[in-house]
Amino acid sequence: MPAETAQQRRVLIIDDEEIVRDSVSTYLEDSGFVVYQAGDGRDGLSRFYEVTPDVVLLDLRMPRMDGLEVLAAIAGQLDRIPVIVVTGAGVLQDAVAALRLGAFDFVTKPIVDMAVLEHAIRRALEHTRLLEENRRYQAHLEDEIGSRTRDLHRRTEELLVANAELTKEMAIREKTAAALRQSEARLAEIVSIFEGFIYTCDSDFCLDFVNRKLADHVGDDVAGKRCHVVLYGLDQPCPWCRHSDVFKGQAARTEFYNEKDGRWYDAVQSPMFGSEGQVRNLQAVVLDISDRKATEDWLRQRETQLSEKNRRLKSSMRTASRFGHIIGKSRPMQEVYENILKAAESNAHVIIYGQSGTGKELVAKTIHDLSDRGSKNFVTVHCGAIPDSLIESEFFGYRKGAFSGADQDKPGYLDAADGGTLFMDEVGELNLSMQVKLLRAIEGGGYTPIGSSIVKQADIRIVAATNRNLRQRLESGHFRKDFYYRIHILPITLPALSSRKEDIPLLVNHFVSDFPHGDKLPVVPQRIITAMQRYDWPGNIRELQNSVHRYITLGEIDFLDLPPTTDEPPPAIRPDPPPGLPDRFDQPLSQAVSNFEKQYIEHLLQENHWHRSRVAELLGIDRRTLFRKMKAYGL
Ligand SMILES: Nc1ncnc2c1ncn2[C@@H]1O[C@H](COP(=O)(O)OP(=O)(O)OP(=O)(O)O)[C@@H](O)[C@H]1O
């Protein structure tokens, strides 16, 4: 294989004439070519694939495989490896056939002028170079076009996406703008048909907008004029105007009377903010509320009239000598009646002070009956009679299973008194922990039945009563200050019977006529009444009531100091204790024991001027037990 350099061109000569091959080879090698040879078509073909020449000189007439066959075999390579057919001058049609098959050129044998051949070779090489260059350029061009086309596609894609986004956004904007236009139109319509006045003004009170209604009122030409001048005929800003608050960013509402037209208005002034959050303008919406005001005035007057009427009605229960079931015409009782009326009209808690038997419960019930709560429950609690261990369950109730024996839910006093009145007799006896819980309940914090986790609420009015000095209980720490001040809102003090003895005849008559068939009984003699008026009645009206009942049933009274009389037989006076045995032996033992117990307790109470602590001590029982028994026996 000949040695070659990178710049050297390679020529393959396929020719069966050795002499031609050698002479051409010699010439071409001298001209700088590298030459390869093959003696027939078949060898030539294999050399072709072996050396991949730059140009082929191909004889057409050769043994084994002629030049046309070789051309046909390498037809696919002819655009890169040009073939110059070397043929005899007599077979030019072969040369034409070879050119048709893709040969680049032909030279005729014998080759007379090697320079012609070299020229043909160099032309072929130049042609191939140009072709190659062209191919490369084309490839580069295609690459370029491809990349630009891809670029273009990408940008087109991007544009399409951007376009779609834009279209979407435009559609949204269009929709928003349409909605805005619609709501603006609606707002404008509302503003135009709004019955009140709407205007806006700047920080110098200069108007820049008024609605139709206001324009009809003050004229169209108001822009730049001061609102207080145009609207209200004032030189100075209106006294009710909250202009400075509004320009600090706060809305304000005011009702005012306009002297100019003699009407009442309700004005809502609010700030209108600029794009940077600063208050730009004041907007005022002003409604004529004169009709509403007139109605309110009418209602207020009517309420006053009604409450006056109500008061008169309630007072009509009151005669010179009684107030409902309460008997008495004395001065102190007149004051009590006034206080009862006041308490009935209010919803505040009440505390009634008075000695035992002065009628505290009766007064409490009267207040309840006359109050708005009259149709609801009046629940009486004798605070002194409830053992501490039961007090919470009694007040708040309990759930089934809360403790042994709680076999069903039980409501407490608060449940029963919801909407009505809770009368707390002997409130001074209430323990401190219960005071706290009750205070919470009446202040809206609710209460929880034992065994439950649900906090309940009850709307309760407390009317408390006591015959003890609550201030002393406060100082000794037995009564909580907060609870005291909560219930000590409307205090009522009931006079002792000894301080209103002029009421005794009325009371006696009342108790007689209240007795079964009392209207058929003879009038109580004056001397007994006089005697009764001399007595001090430490047990107060309860004691008087019991004495009258005993007088009616037994024909005797049981207090000392009865003056002698001539015109009437004196009633049997029985200062002695009751006999040890009853005068009847026809009743069951339990009844007889009860009767005895009642008489025994009553006697001790009378003897000790109804001092219950002392009586409890004498009986060897605690105060609570005594209270319970007195209640049970109606003492
Ligand atoms: N002014 C009165 N008119 C008619 N009855 C009265 C009057 N005051 C009291 N009573 C009667 O006297 C009895 C005792 O009254 P009440 O129970 O209201 O007294 P109290 O002050 O609550 O007694 P205590 O402090 O012992 O509970 C009741 O039967 C009551 O009806």
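Residues numbered from 1 in each chain as written. Predicted model: local features only at pLDDT ≥ 70, side-chain atom pairs only at ≥ 80, totals over all residues. Heavy atoms only, no water.

Enquirer: Is there a simple way to explain the overall build of the chain in this structure?
Expert: When helices and strands are counted, the chain shows 22 helices and 19 strands. Buried residues in the chain amount to 40% of all 635 residues. Taking all contacts inside the chain whose residues are at least 6 apart in sequence as the whole, residues at least 24 apart take part in 62%. Summed over all atoms, the accessible surface of the chain reaches about 35500 Å², with 53% contributed by carbon and sulfur. (Helix = DSSP H or I, 4+ residues; strand = E, 2+ residues; numbered from the N terminus. Buried < 20%, exposed > 50% of the residue type's maximum accessible area, 1.4 Å probe, protein only. Contact = heavy atoms within 4.5 Å. Areas by Shrake-Rupley, 256 points an atom, 1.4 Å probe, with all protein chains shown as cover.)

Enquirer: Is there a simple way to explain the pattern of salt bridges in this structure?
Expert: Proximity of charged atoms lets side chains of opposite charge pair with each other. Tallied over the full model, the rule gives 48 salt bridges. A salt bridge links glutamate 174 to arginine 181, with the shortest nitrogen-to-oxygen separation between them at 3.4 Å. Put simply, arginine 212 and aspartate 220 hold a salt bridge, and the shortest N to O gap is 3.2 Å. Residue classification places arginine 212 among the partly exposed residues on the basis of a relative accessible area of 40%. One connected set of salt bridges, linked through shared partners, spans Glu255, Arg292, Lys293, Glu296, Asp297 and Arg300. (Salt bridge = Lys/Arg side-chain N within 4 Å of Asp/Glu carboxyl O.)

Enquirer: What should I look at first to understand the UniProt feature "modified residue: 4-aspartylphosphate" (unreviewed entry) in the chain in this one?
Expert: In this structure's numbering, the residues bearing the UniProt feature "modified residue: 4-aspartylphosphate" (unreviewed entry) are Asp59. Note that aspartate 59 resides in strand β3 (residues 55–59). Overall, aspartate 59 belongs to the buried group, its relative accessible area being 3%. Aside from chain neighbours lying at most four places away, what touches aspartate 59 is Ile14, Asp15, Asp16, Gly67, Val86 and Lys109. (UniProt positions renumbered as here; feature names shortened; annotations may be inferred.)

Enquirer: What is the right way to read the site of the ligand from this model?
Expert: The environment of the ligand is made up of 20 residues, and the closest members are Ile327, Ser356, Lys360, Arg542 and Gln545. Lysine 360 places a polar side-chain atom, nitrogen or oxygen, 2.7 Å from an oxygen atom of the ligand. Elements with a contribution of two residues or more to the shell around the ligand: β12 (326–327), α11 (360–370), α17 (504–514) and α19 (540–554). Taken together, the residues that form the shell around the ligand break down as six nonpolar, eight polar and six charged. Each of two domains, domain 3 (322–495) and domain 4 (501–554), supplies a minimum of three residues to the shell around the ligand. (Near = heavy atom within 4 Å. Polar contact = N/O pair within 3.5 Å; in protein donor to acceptor, adjacent residues only side chain to side chain. Nonpolar A, V, L, I, M, F, W, Y, C, P; charged D, E, K, R; others polar. Domains from an automatic or database assignment.)

Enquirer: In this structure, what is going on with the packing of α17 against α19? I would like to understand it.
Expert: For any two helices packed against each other, one specifies the crossing angle of their axes together with the interaxial distance. Where α17 contacts α19, the two axes come as close as 10 Å, and the packing angle between them is 50°. Compared by their axis directions, α17 and α19 come out oblique. Along this stretch, α17 crosses α19, giving a crossing that reads as right-handed. Contacts from Ile504, Leu507, Val508, Phe511 and Val512 of α17 reach α19 at Ile541, Leu544, Gln545, Val548, His549 and Ile552. Considering only residue class, the contact of α17 with α19 consists of nine nonpolar, two polar and no charged. (Axes fitted to C-alpha atoms, helices over the stretch in contact; angles between N-to-C directions. Parallel < 35°, antiparallel > 145°, perpendicular 65-115°, else oblique. Left-handed = near helix turned anticlockwise from the far one by under 90°.)

Enquirer: Just to check I follow, could you spell out helix α12 (residues 388–396) for this structure?
Expert: For an α-helix, the turn length of 3.6 residues means that residues three or four places apart are oriented alike. Turning to α12, its buried residues are Ile391, Ser393, Phe395 and Phe396. Residues of α12 that are buried make contact with β14 (378–382), α13 (413–416), β15 (421–425) and α14 (432–445). Positive phi shows up at glycine 397, right after α12, with a value of about 80°.

Enquirer: I tried to follow the sheet that holds β14 on my own but got confused; where do I start?
Expert: Strand pairs in the sheet, formed through backbone hydrogen bonds, run parallel or antiparallel to each other. The parallel open sheet is built from five strands, whose spatial order is β14-β15-β16-β13-β17. The open sheet has two edge strands, β14 and β17 (490–493), and neither has a second partner. Shown here is a sheet whose adjacent strand axes are inclined to one another by a mean of 20°, direction ignored. In the sheet, β14 pairs with β15 via five bridges, with the strands oriented parallel. In the strand pairing of β15, histidine 382 is matched with aspartate 425. (Pairing = 2+ DSSP bridges.)

Enquirer: Just checking my understanding: could you explain the sheet that holds strand β1 (residues 10–14) for this structure?
Expert: Taken in spatial order, the five strands line up as β2-β1-β3-β4-β5 in an open sheet, and their pairing is parallel. Pairing within the sheet leaves two strands with one partner each, and these edge strands are β2 (34–38) and β5 (105–109). In this sheet, adjacent strand axes meet at a mean angle of 20° when their direction is disregarded. Contacting β1, β2, β3 and β5, helix α1 (residues 18–30) runs over the sheet at an angle of about 170° to β2.

Enquirer: Could you clarify how one ought to interpret the side chain of lysine 109 in this entry?
Expert: Checked against the element boundaries, lysine 109 lands in strand β5. A polar contact is formed between the side chain of lysine 109 and the side chain of glutamate 17, at a distance of 2.7 Å. Polar contacts involving the side chain of lysine 109 include one to the side chain of aspartate 59, which spans 3.1 Å.

Enquirer: Would you explain the nonpolar core in this entry?
Expert: If you look at soluble globular proteins, the nonpolar side chains tend to sit buried side by side. The biggest cluster of nonpolar side chains holds 32 residues, and the ones touching the most others in it are Phe395, Leu414, Leu422, Met424, Val427, Leu430 and Phe483. When sequence neighbours within four positions are dropped, the list of residues in contact with phenylalanine 483 reads Met424, Val427, Leu430, Gln435, Leu438 and Leu439. (Core = buried A, V, L, I, M, F, W, Y, C linked by side-chain atoms within 4.5 Å.)

Enquirer: I tried to follow unusual backbone geometry on my own but got confused; where do I start?
Expert: The bulk of non-glycine residues show a negative phi, and the bulk of peptide bonds are trans. Following lysine 109, the chain continues to proline 110 via a peptide bond in cis, the omega torsion being -10°. In this fold, proline 110 is placed in the loop between β5 and α5 (114–193). For tryptophan 537, which is not glycine, the phi dihedral falls at a positive 50°. Relative to the elements of secondary structure, tryptophan 537 occurs in the loop between α18 (526–534) and α19. Here tryptophan 537 falls in the buried class, since its relative accessible area comes to 1%.

Enquirer: Got a minute to help me understand the packing of α17 against α18 in this structure?
Expert: Look at α17 against α18: their axes get within 10 Å of each other, and the N-to-C directions meet at 120°. One finds that α17 runs oblique with respect to α18. Helix-helix and strand crossings are classified by hand; for α17 and α18 the assignment is right-handed. Contacts between α17 and α18 involve Ile504, Pro505 and Val508 from the former and Ile529, Met532 and Gln533 from the latter.

Enquirer: Explain α19 to me, please; I cannot follow it from the model alone.
Expert: Taking 1.5 Å per residue as the helical rise, α19 with its 15 residues ought to reach 21 Å, and the 21 Å between its terminal C-alpha atoms agrees with that figure. Looking only at α19, the buried set comprises Asn540, Ile541, Glu543, Leu544, Asn546, Ser547, Val548, Arg550 and Tyr551. Glycine 555 sits one or two positions beyond α19 and adopts a positive phi of about 70°. (Expected span 1.5 Å × (residues − 1).)

Enquirer: Help me out: how do you make sense of a nonpolar patch on the surface in this one?
Expert: Judged by side-chain polarity, Tyr137, Leu141 and Ile145 come together as a nonpolar surface patch covering roughly 300 Å² of accessible area. Turning to its location among the elements, isoleucine 145 is positioned in helix α5. (Patch = residues over 30% accessible without salt bridge, like charges linked within 9 Å, V, L, I, M, F, W, Y side chains within 5 Å.)

Enquirer: Hey, could you run me through the packing of aromatic side chains in this one?
Expert: Where two aromatic rings form a pair, the distance of their centres and the angle of their planes describe that pair. Per the stated rule, a full pass over the model turns up 16 aromatic pairs. With centroids separated by 5.9 Å and ring planes inclined at 15°, the aromatic side chains of phenylalanine 378 and phenylalanine 423 adopt a geometry described as stacked. Note that phenylalanine 378 is positioned in strand β14 and phenylalanine 423 in strand β15, a separation of 45 residues in sequence. Assessed through its relative accessible area of 18%, phenylalanine 378 is described here as buried. One aromatic cluster is present, built from ring pairs that chain together Phe197, Tyr232, Trp240, Phe256 and Tyr265. Above the face of the tryptophan 264 ring, lysine 293 is positioned so that its terminal group lies 4.5 Å from the ring centre. (Phe/Tyr/Trp six-rings, centres within 6.5 Å; stacked < 30°, edge-to-face > 60°. Lys NZ or Arg CZ within 6 Å of the ring centre and 35° of its normal.)

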